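A look at the structure
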Amino acid sequence: MISQRLLRQRPRLVTATCLRYQPLPRPRFSSTGTSNTSSPSAVWTGVVSFGAGLGAGWALYRNGKGTSTIASSSSSSPATEQTPLVTLTTTITMPDLNELGITDQIKYTTPPTLDDVTKQLNEHKFTVRGAPGGVDRYDGAQLASNSPCEDAFLHGSFSNPFSAGSDDENSRWMAWAVFDGHCGWQLSDLLKTQLMPFVRRSLADVKPADKSEVTEEAVRQALKKSFTTLDDALVKSATAIIESDLPFAEKARRLEPAYAGACALLTLFDPQSRNLHVASTGDCRAVLGQKTDDGKWVVKALSEDCTGATPSEVERIKAQFPDEPNVVQGGRVWGLQPSRTFGDGMWKWTAELKQKLRHHFNGLNLPSAVRYKDYKEGPYVTAEPLVTTTQIPNPKERPSFVILATDGLWDTMSSEQAVDLVGRWYDSQQKGLQVVKPQKPTEDFGPVVLGWKQQCKYEERKATFRDDNAAVHLMRNGLGGADDEMVRGALAFRYPNSRDIRDDITIQVVFFGPV
């Protein structure tokens, strides 16, 4: 127990004064000669000022209250008036450590309650209705594991790139994208604002042949060009940046995004042609769910994971570097899991440039020269995306939806499982079934195990349908679903421990048809 006498102690206000000496300014030009040594009066003035400041600080320390100011003497020389002591005063409240109590027991922070779980899963959710082209609604959500979160996303509409001067609401294109950063958040954060301007510029440069409509292939090539042009601007500018006359801090900020890396998945929907263009660099994924005549939901892949474990990517890289048999090992390209990425300059720059960046500009020591001794010059990874074009059926004829997400979701479930979960969620919405948290006690699923033996995984027997947002619905089921203790356990671990069982998760679900 804290005694009543201790509780009566009240915090005091403490004023901290920082004294900093400002040197005499030297004139650039003078018509008379100047000495390199200070005059005796100037030196004496400095000594007196320093002594006054020291005395004021000592008085402040002894008294523990009030503020202190330093006034110039009326007899000060002109030199003294030009070089005052700079006084920085900060007032804070002294903490009363008695409030922490007296004990020999540790008080831990409490784990999340079921209500806390729901709040955390819904913290960054959103729903947008009434988009062009029969897009009745799209949902989104994000859950961080890293701190700060290395995922990012964008969504919205933009003017039809092939209808100059026209900005009819029904002709505007839609865009949805997710970005998965690694080695930092800086590049994924940059892409959410910088990728679309490059895409729009590249699409604007497309010229239809013989005044005909722009072909699907022309759109695909424009998307590839926009990705590689942006990446070249980030990565290939490194030499020019470090050799420029820019201040060091400016150089550091321009190099920083290229030190990091990011996977990107961009989807563009043209409401007039109903073509959905998907450009993928890395291991984010997009899948299409379509309802068949017999009422079942089928899956169509809209992208292909680009990693060191994808057979087509392994074949491509080994053909590009035939003299480096160890370039791809264990599903990684010299230690890097994705085989197509934005940034990741350390996998794209020459050895000479990387050494200069590491020695003088705080460059990353990746890939490890000790672990990957056969590493040569590269570039071993590219930002050029794989692009697909799929026509979305009329929603009156066949309902469909698209799921796009970072690998944080796909680590927990397959494409088929994700489409099944959203399809069943969609059907319950169409039937007017109320999506609410069940009132019955949660089924006992046994002890929770999270770690090397088991990470967060979706199990069909644990499927739950309690969320009114399709992205949150997927997220909850990927973390444990109806097994509330599993979900609580997954969220109880915070960064960096959380990274061993779950990644950042970013999801968008687009519904072509009424919901």
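Residues numbered from 1 in each chain as written. Predicted model: local features only at pLDDT ≥ 70, side-chain atom pairs only at ≥ 80, totals over all residues. Heavy atoms only, no water.

A closer look at the overall build of the protein
Selection criterion: Only DSSP runs of H or I reaching four residues or more are called helices, and only runs of E reaching two or more are called strands; each is numbered from the N terminus. Summary of the burial criterion: residues with accessible area below 20% of their type's maximum are buried, those above 50% are exposed, and those between are partly exposed, where the area comes from a 1.4 Å probe applied to protein chains only. Any two residues having at least one pair of non-hydrogen atoms within 4.5 Å are treated as being in contact. Surface exposure here means Shrake-Rupley accessible area, sampled with a 1.4 Å probe, where a residue is shielded only by the protein chains that are shown.
Scanning the protein from terminus to terminus reveals 14 helices and 16 strands. Counting every position in the protein, which comprises 515 residues, the buried fraction comes to 43%. Intrachain contacts of the protein at a sequence separation of at least 6 include 73% that bridge at least 24 residues. As displayed, the protein offers around 28,800 Å² of accessible surface, 52% of which is attributable to carbon and sulfur atoms.

Section: the packing of helix α4 (residues 114-122) against helix α14 (residues 484-492)
Note the cut-off: The angle between two axes is taken between their N-to-C directions and runs from 0 to 180 degrees, where each axis is a line fitted to C-alpha atoms and a helix contributes only its stretch in contact. A crossing counts as left-handed when the near helix is turned anticlockwise from the far one by less than a right angle, and as right-handed when that turn is clockwise.
Running from amino to carboxyl end, α4 crosses α14 at an angle of 65°, the nearest separation of the two axes being 10 Å. Seen along the crossing, α4 lies across α14 with a hand that is left-handed. Residues Leu114, Val117, Gln120 and Leu121 of α4 form the contact with α14, whose participating residues are Asp484, Val487, Arg488 and Leu491.

Notes on the nonpolar core
Inclusion rule: The criterion is simple. A nonpolar core is a set of buried Ala, Val, Leu, Ile, Met, Phe, Trp, Tyr and Cys residues joined through side-chain atoms within 4.5 Å.
One finds Leu266, Leu268, Phe342 and Trp349 to be the most contacted residues of the largest nonpolar core, which totals 54 residues. With seven residues, the single largest contributor to this core is helix α6 (residues 216-235). When residues no more than four places from it in sequence are discounted, the contact partners of Leu266 are Trp176, Ala177, Leu195, Met196, Val199, Leu223, Phe227, His277, Val278 and Ala279. Judged by nonpolar contacts, the second largest core, of 37 residues, contains Val117, Leu121, Val419 and Ile505.

Digging into the sheet that holds strand β15 (residues 400-405)
As a reminder of what qualifies: Two strands form a pair only when DSSP identifies at least two bridges running between them.
Strand order in the open sheet formed by six strands is β3-β4-β16-β15-β9-β10, with antiparallel pairing between adjacent strands. Because the sheet does not close on itself, it has two edges, and the strands there are β3 (126-131) and β10 (297-301). The sheet shows a mean angle of 20° between the axes of neighbouring strands, taken without regard to direction. Both strand β9 (residues 285-291) and β15 contribute to a ladder of six bridges, which runs antiparallel. When the bridges of β15 are listed, Ala286 appears paired with Leu404.

Thoughts on the environment of Glu256
Stated precisely, the cut-off is as follows: Definition of a polar contact: a pair of N or O atoms within 3.5 Å, with one able to donate and the other able to accept a hydrogen when the atoms are protein atoms, and with sequence-neighbouring residues admitted only if both atoms are side-chain atoms.
Within the fold, Glu256 resides in helix α8 (residues 248-259). The sequence separation of Glu256 and Gly345 amounts to 89 residues, and the corresponding C-alpha distance is 9.9 Å. Within the structure, Glu256 has its side chain in polar contact with the side chain of Gln186 (distance 3.3 Å).

Topic: the packing of aromatic side chains
Note the cut-off: Pairing of aromatic rings covers Phe, Tyr and Trp, the last through its six-membered ring, and needs centres within 6.5 Å; plane angles under 30 degrees mean stacked, over 60 mean edge-to-face, and all others mean tilted.
A full pass over the atoms with the stated rule returns 19 aromatic pairs. With centroids separated by 5.2 Å and ring planes inclined at 40°, the aromatic side chains of Phe227 and Phe342 adopt a geometry described as tilted. Here the residue Phe227 occupies a position in helix α6, and Phe342 occupies one in strand β13 (residues 342-343), the gap between them amounting to 115 residues. When sorted by exposure, Phe227 lands in the same class as Phe342, which is buried. Ring centres 4.9 Å apart and planes at 45° place the aromatic pair Trp297 and Phe401 in the tilted group. With Trp297 in strand β10 and Phe401 in strand β15, this residue pair connects regions lying 104 residues apart in the sequence. We classify Trp297 as buried; its relative accessible area is 16%. Under the relative-accessibility criterion, Phe401 is labelled buried at 0%. Pairwise contacts between aromatic rings join Trp297, Phe401, Trp425, Tyr426 and Phe511 into one cluster.

Comments concerning the state of the cysteines
So the rule is basically this: By disulfide we mean two sulfur atoms from cysteines, separated by a distance within 2.5 Å.
Throughout the structure, instances matching the rule amount to zero disulfides. The thiol of Cys284 is unpaired, and the distance to the nearest cysteine sulfur, on Cys263, comes to 5.5 Å.

Details of the pattern of salt bridges
Our working definition: The salt bridge definition used is simple: a Lys or Arg side-chain nitrogen within 4 Å of an Asp or Glu carboxyl oxygen.
As enumerated under the stated definition, the model contains 24 salt bridges in all. Here Asp468 and Lys125 are joined by a salt bridge, their closest N and O atoms 3.3 Å apart. You can see Asp468 sitting in the loop between α12 (415-430) and α13 (470-479) and its partner Lys125 sitting in the loop between α4 and β3, a full 343 residues away along the chain. Of the residues examined, Asp468 reaches a relative accessible area of 44% and is grouped as partly exposed. Judged by relative accessible area, Lys125 falls into the partly exposed class, the value being 35%. As a salt-bridge pair, Glu313 and Arg316 come within 2.9 Å of each other at their nearest N and O atoms. Of this pair, Glu313 and Arg316 are both found in helix α9 (residues 311-320), three residues apart, which corresponds to roughly one turn of the helix. A residue is classified by how much of its surface remains accessible, and Glu313, at 3% relative accessible area, is buried. Among the charged side chains, a network of salt bridges with common partners joins Glu459, Arg461, Lys462 and Asp483.

Thoughts on the pairing of β3
Relative to strand β4 (residues 135-143), β3 runs antiparallel, the two being bridged by five bridges. Bridging across to β4, Thr127 finds its partner in Asp139. Hairpin geometry of β3 and β4 is characterised by an intervening segment of three residues between the two adjacent antiparallel strands and by a positive phi of about 75° at Gly133.

Quick look at the environment of Pro338
Relative to the helices and strands, Pro338 is located in the loop between β12 (332-333) and β13. Here Pro338 falls in the buried class, since its relative accessible area comes to 7%. Placed 30 residues apart in sequence, Pro338 and Gly308 show a C-alpha to C-alpha distance of 6.2 Å. Excluding residues that lie within four positions of it along the chain, Pro338 makes contacts with His182, Cys263, Gly282, Cys306, Thr307 and Val381.

Observations regarding the pairing of strand β16 (residues 505-512)
On a regular strand, one side chain projects to one face of the sheet and the next to the other, so that they alternate. Counting buried positions along β16 gives eight out of eight residues, so the element sits mostly inside the fold. Covered by surrounding structure in β16 are Ile505, Ile507, Val509 and Phe511 together with Thr506, Gln508, Val510 and Phe512, the residues of both alternating faces. For β4 and β16, the ladder comprises eight bridges, and the chain directions are antiparallel. What sits directly across from Leu143, in β16, is Ile505. Sheet analysis places β15 next to β16, joined by six bridges and oriented antiparallel. Looking across to β16, one finds that Ala405 is bridged to Ile507.

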